[in-house]
Amino acid sequence: MLTVLGAYSWINIRFLLEGAWVTILVSVCSIILSYIFGVILGIIRYVEIKYLSAIIGFVIDIIRNLPLILIIFFTYFGLPNIGFKPDPIWASVIAMAVFESAMVAEIVRAGIVSIPVGQMEGARSTGMSYWQALRYIILPQAIKNMIPAIVSQFISLVKDTSLATIIVLPDLMNHAQIIYGQNTNYTIPMFLALAVMYFIVCYSLSLLSQYLDHRLGTAKKSGEVEEVVQGAER
């Protein structure tokens, strides 16, 4: 009992929270960057721009089939050879953003493909250009379908930040290792603390996914009701 209480002393908890802050920082930056680039790359793959889409598709397939830890190693140890030496935090952000962008791009492409072809044809028949139809008709529907898969991917990203401990990223996992490295009796208590903290972050993302899915679903139903009302008025 004393061992558990000692492991959860304020000094250790504060040290873990400092690591948790780095984990959240890396995760948030990686999520934002990977979402932006993933959507752009996914759209490019879908519209099949001559040569460009094929090249991007080839690169995405390569990245998706590489282990994330290899990309982290390359970012931290390889980039300095070309004159760019990021610290562990930014090396982790770059590596994870590159890896997750490839994953998100495939989710986006699949989400757009899942929308019936008739949606595009109907939008074009009203006088919209291809890009207008894609932006205003196809993407809003596709994004709603993508939310569960994208959030699931981002939850994996949060957990994968622990891999960056290998380049001494001062994250939650790294700080826990330092604590139980000083006292092996703290090993199990630290694992329990890690489990709780990762669960809180990941479960929060799951709740956000459910909230967004509910809000978008409600908005969609409201839009359908409005269309029916407008049709009745005509």
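Presented here is a report on the structure given in the accompanying data block. Note that this is a predicted model, so its numbers are computed, not measured. (Residues numbered from 1 in each chain as written. Predicted model: local features only at pLDDT ≥ 70, side-chain atom pairs only at ≥ 80, totals over all residues. Heavy atoms only, no water.)

**Details of a nonpolar patch on the surface**
Using the following cut-off: Like-charged residues within 9 Å of one another, or nonpolar side chains (Val, Leu, Ile, Met, Phe, Trp, Tyr) within 5 Å, are grouped into patches, provided each residue has over 30% relative accessible area and no salt bridge. Note on areas: Shrake-Rupley, 1.4 Å probe, and residue coverage restricted to the protein chains presented here. We count a salt bridge whenever a side-chain nitrogen from Lys or Arg sits within 4 Å of a carboxyl oxygen from Asp or Glu. The helix count covers DSSP runs of H or I at least four residues long, the strand count covers runs of E at least two residues long, and both are numbered beginning at the N terminus.
Together, Tyr51, Ile55, Phe58, Val59, Ile62, Leu66, Ile69, Leu70, Phe73, Phe77, Leu163 and Ile166 give the surface a local cluster of nonpolar side chains, amounting to about 1,100 Å² of exposed area. Of all the secondary-structure elements, those providing two or more residues to the nonpolar patch are helix 3 (52-64) and helix 4 (68-78).

**What about the layout of surface pockets?**
Selection rule: For cavity detection a 1 Å grid was placed over the protein atoms alone, and a set of points counts as a cavity when a 1.4 Å probe fits there but cannot get out; an open set counts as a pocket when protein lies on both sides within 12 Å along at least five of seven lines, with lining residues being those that have an atom within 4 Å of a point. Grid points are joined across faces, edges and corners, and a volume is the space filled by probe spheres set on the points. Charged means Asp, Glu, Lys or Arg here, nonpolar means Ala, Val, Leu, Ile, Met, Phe, Trp, Tyr, Cys or Pro, and polar covers whatever is left, Gly included.
Of the pockets and cavities examined, the second largest pocket occupies roughly 260 Å³. What lines the second largest pocket is a set of 13 residues, and nearest its centre among them are Tyr35, Ile150, Val151, Phe154 and Leu212. Listed by contribution, the elements that provide at least two residues to the lining of the second largest pocket are helix 2 (10-47), helix 7 (130-160) and helix 9 (187-233). Ranked by the residues each element gives to the lining of the second largest pocket, the list is headed by helix 7, at 6 residues. Residues that form the lining of the second largest pocket fall into these classes: 13 nonpolar, no polar and no charged.

**Concerning the side chain of Asp171**
Put simply, the rule is: Working definition: with a 1.4 Å probe on protein chains only, accessible area under 20% of the residue-type maximum means buried, over 50% means exposed, and in between means partly exposed. Charge assignment in this entry is limited to Lys and Arg as positive and Asp and Glu as negative, and neither His nor the chain termini are counted. For this analysis, a polar contact is any N or O atom pair within 3.5 Å, provided that within protein one partner can donate a hydrogen and the other can accept it, and provided that sequence-adjacent residues contribute only side-chain to side-chain pairs. Note on definitions: a residue-residue contact is assigned when non-hydrogen atoms from the two residues lie within 4.5 Å.
Locating Asp171 in the fold gives a position in the loop between helix 7 and helix 8 (172-182). Buried and unpaired, Asp171 has Lys159 as its nearest opposite-charge partner, separated by 14 Å. Here the side chain of Asp171 touches Thr165 through a polar contact of 3.4 Å, side chain to side chain. Sequence-distant contacts of Asp171, that is, excluding residues within four places in its chain, are made with Gly19, Val22, Thr23, Thr161, Ser162, Thr165 and Tyr198.

**Things to note about the environment of Leu68**
For Leu68, the position within the fold is in helix 4. The class for Leu68 is buried, based on a relative accessible area of 7%. Separated by 96 residues in the primary sequence, Leu68 and Ala164 place their C-alpha atoms 9.4 Å from one another. Not counting the four nearest positions on each side in its chain, Leu68 is found in contact with Ala95, Met96, Phe99, Asp160 and Leu163.

**What to know about the packing of aromatic side chains**
This is how it is decided: Pairing of aromatic side chains here covers Phe, Tyr and the six-membered ring of Trp, requires ring centres within 6.5 Å, and sorts the geometry by plane angle: under 30 degrees stacked, over 60 edge-to-face, intermediate tilted.
Applying the stated criterion to the full structure yields 5 aromatic pairs. When the centroid spacing of 5.5 Å and the interplanar angle of 70° are considered together, the rings of Tyr180 and Phe191 count as edge-to-face. Of the two residues, Tyr180 is situated in helix 8 and Phe191 in helix 9; the sequence distance between them amounts to 11 residues. According to the relative accessible area criterion, Tyr180 is buried, its value standing at 19%. Through a chain of ring-to-ring contacts, the aromatic side chains of Phe73, Tyr76 and Phe77 assemble into a single cluster.

**What about helix 4?**
Those residues of helix 4 lying buried are Leu68, Ile71, Ile72, Thr75 and Gly78. Contact partners of the buried residues in helix 4: helix 3, helix 5 (88-113) and helix 7.

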